[in-house]
Amino acid sequence: MDAVNSSGSDYAPRPMSNRTTYGLAAAALVVAVVLVALFVHHRSTSVPTVQDDGYGPVHDPAVSVRLDPDGSIVLGKPSATKTIDVFEDPMCPACGSMEHYFGQQIAKLIDQGKFAVRYRLVNFLDPKSAGKDYSTRAVAASECVAAGGNGRVFSTFHQTLFTAKQPSEDGGTPTDQDLAAIAADAGAPQQIQQCIASGERVEAARTNAQGALVALKTAVGQIQTPTVLDGGKNVDTDKPGWATSLAG
């Protein structure tokens, strides 16, 4: 008599063979390998690497910096035929990330005369700082350094301000004396250090930053940083190679 299982059916399933077990295990392994490969590929394509790592700030002494009456800071060679606009808040984490990943590449392209950069610094993140005014004071410090006219000093100061020395939101923030020390490390002379430490440009910077906010909202319809404009058009800075694409 055939075996009968407990459900009353006259079908008794055969035990799974070793060959079947090994086949399923192999299939599961293949699936796992494919999933890991897809994850690694996603990570490699979605997480940027530091572009031109080791280049640092601008090198060429022909690169100058200019502080315009509206607070715009233009860094580049006088011969540059193209200028892009970069809107940043000194406390903006995404701005810090952009500087970390692309700042050195931007400096290299500036050295090559591919374009100049017009920095429009804003201060909408002031409330996120301990003293409720860090962004404004950092804008003021940047204006003091830019007024000195030395492109390499400003480039070094800017890179440090947005990377190694950028404070976290809702955390402690550097004092004016701390900002002056960053400028000193970047090579700024005593006169510029004093401009920062005394808060000489804070009120002017506040006005300029508010003007930049209006310009930003007019350009893209909202306040978002970082924003890069090329000929007034918003640049997708999440797209790989965006900086070099601007160089033509």
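Our structure is the block above this text.
Predicted model, so just to flag it, every value in this text is computed and none were measured. (Residues numbered from 1 in each chain as written. Predicted model: local features only at pLDDT ≥ 70, side-chain atom pairs only at ≥ 80, totals over all residues. Heavy atoms only, no water.)

Visitor: Even after reading the chapter, I still don't get the overall build of the protein, so can you show me in this structure?
Guide: Along its length, the protein carries eight helices and six strands. Ordering the α and β elements of the protein from the N terminus gives α-β-β-β-α-β-α-α-α-α-α-β-β-α. Within the protein, the fraction of its 248 residues that count as buried is 42%. Sequence separation of at least 24 residues holds for 73% of the intrachain contacts in the protein that already meet a minimum separation of 6. Total accessible area on the protein stands at roughly 13,100 Å², and carbon and sulfur atoms take up 54% of it. (Helix = DSSP H or I, 4+ residues; strand = E, 2+ residues; numbered from the N terminus. Buried < 20%, exposed > 50% of the residue type's maximum accessible area, 1.4 Å probe, protein only. Contact = heavy atoms within 4.5 Å. Areas by Shrake-Rupley, 256 points an atom, 1.4 Å probe, with all protein chains shown as cover.)

Visitor: Looking at this structure, I do not really get unusual backbone geometry. What am I missing?
Guide: Glycine aside, negative phi is the norm for most residues, and most peptide bonds take the trans geometry. In this structure, the amide linkage connecting threonine 225 to the following residue, proline 226, adopts the cis form with an omega of 0°. With respect to the secondary-structure elements, proline 226 resides in the loop between α7 (202-220) and β5 (227-230). Even without glycine at this site, aspartate 52 takes up a positive phi of about 55°. By the secondary structure assignment, aspartate 52 is in the loop between α1 (18-46) and β1 (64-67). The phi dihedral of lysine 132 falls on the positive side, at around 65°, and the residue is not glycine. Among the secondary structure elements, lysine 132 is positioned in the loop between β4 (116-121) and α3 (134-147).

Visitor: For this particular structure, what's the right way to read the environment of asparagine 208?
Guide: Structurally, asparagine 208 is set in helix α7. What asparagine 208 contacts, discounting residues up to four positions off in sequence, is Pro69, Asp70, Gly71, Glu143 and Arg201. Within the structure, asparagine 208 has its side chain in polar contact with the side chain of glutamate 143 (distance 3.0 Å). (Polar contact = N/O pair within 3.5 Å; in protein donor to acceptor, adjacent residues only side chain to side chain.)

Visitor: What should I look at first to understand the environment of aspartate 85 in this one?
Guide: Tracing the chain through its elements places aspartate 85 in strand β3 (residues 83-88). Its relative accessible area of 14% is what places aspartate 85 among the buried residues. It is 5.0 Å that separates the C-alpha atoms of aspartate 85 and leucine 229, two residues lying 144 residues apart in sequence. Not counting residues within four places of it along the chain, the set of residues in contact with aspartate 85 comprises Arg118, Arg120, Thr227, Val228 and Leu229.

Visitor: Can you walk me through the nonpolar core in this structure?
Guide: A general tendency of soluble globular proteins is for nonpolar side chains to be buried together. Within the largest apolar cluster, 50 residues are counted, with the highest numbers of intra-cluster contacts made by Ile196 and Trp242. Element by element, the count of residues in this core is highest for α3, at eight residues. Those residues in contact with tryptophan 242, other than ones at most four positions away along the chain, are Met98, Phe102, Ile106, Val228, Val235, Asp236 and Thr237. (Core = buried A, V, L, I, M, F, W, Y, C linked by side-chain atoms within 4.5 Å.)

Visitor: Sorry if this is basic, but what is going on with the pairing of β5 here?
Guide: Within a regular beta strand, the side chains point alternately toward one face of the sheet and then the other, so they alternate between its two faces. Where β3 and β5 come together, three bridges link them in antiparallel fashion. Bridge pairing links aspartate 85 to leucine 229 in β5. Bridging between β5 and strand β6 (residues 233-234) involves two bridges; their strand directions are antiparallel. By the bridge assignment, leucine 229 is partnered in β6 with asparagine 234. Here β5 folds back onto β6, and the loop between the two strands holds two residues, one of which, glycine 231, carries a positive phi near 65°. (Pairing = 2+ DSSP bridges.)

Visitor: What am I meant to see in the packing of helix α2 (residues 93-111) against helix α4 (residues 151-162) here?
Guide: When two helices pack together, you describe them by how their axes are tilted relative to each other and by the distance separating the axes. At their nearest, the axes of α2 and α4 sit 9 Å apart, and the two run at 150° to each other. Put simply, α2 runs roughly antiparallel to α4. The hand of the α2/α4 crossing is left-handed. When α2 is examined against α4, the residues Cys95, Gly96, Glu99, Gly103, Gln104 and Ala107 are found in contact with a partner set consisting of Ser155, His158, Gln159 and Phe162. The residue inventory of the contact of α2 with α4, partitioned by class, reads three nonpolar, six polar and one charged. (Axes fitted to C-alpha atoms, helices over the stretch in contact; angles between N-to-C directions. Parallel < 35°, antiparallel > 145°, perpendicular 65-115°, else oblique. Left-handed = near helix turned anticlockwise from the far one by under 90°. Nonpolar A, V, L, I, M, F, W, Y, C, P; charged D, E, K, R; others polar.)

Visitor: Mind showing me how you'd approach the pattern of salt bridges here?
Guide: One side chain can pair with another of opposite charge once the charged atoms of both are near each other. Under the counting rule described, the total for this entry stands at 11 salt bridges. Where aspartate 230 meets lysine 82, a salt bridge forms, and the shortest distance between an N and an O atom there is 3.4 Å. On the criterion of sequence distance, the pair formed by aspartate 230 in strand β5 and lysine 82 in the loop between β2 (73-76) and β3 is long-range, its members being 148 residues apart. Since its relative accessible area comes to 24%, aspartate 230 is described here as partly exposed. When its relative accessible area of 24% is taken as the criterion, lysine 82 is described as partly exposed. When salt bridges with common partners are traced through the structure, they connect Asp133, Arg137 and Asp176 into a single cluster. (Salt bridge = Lys/Arg side-chain N within 4 Å of Asp/Glu carboxyl O.)

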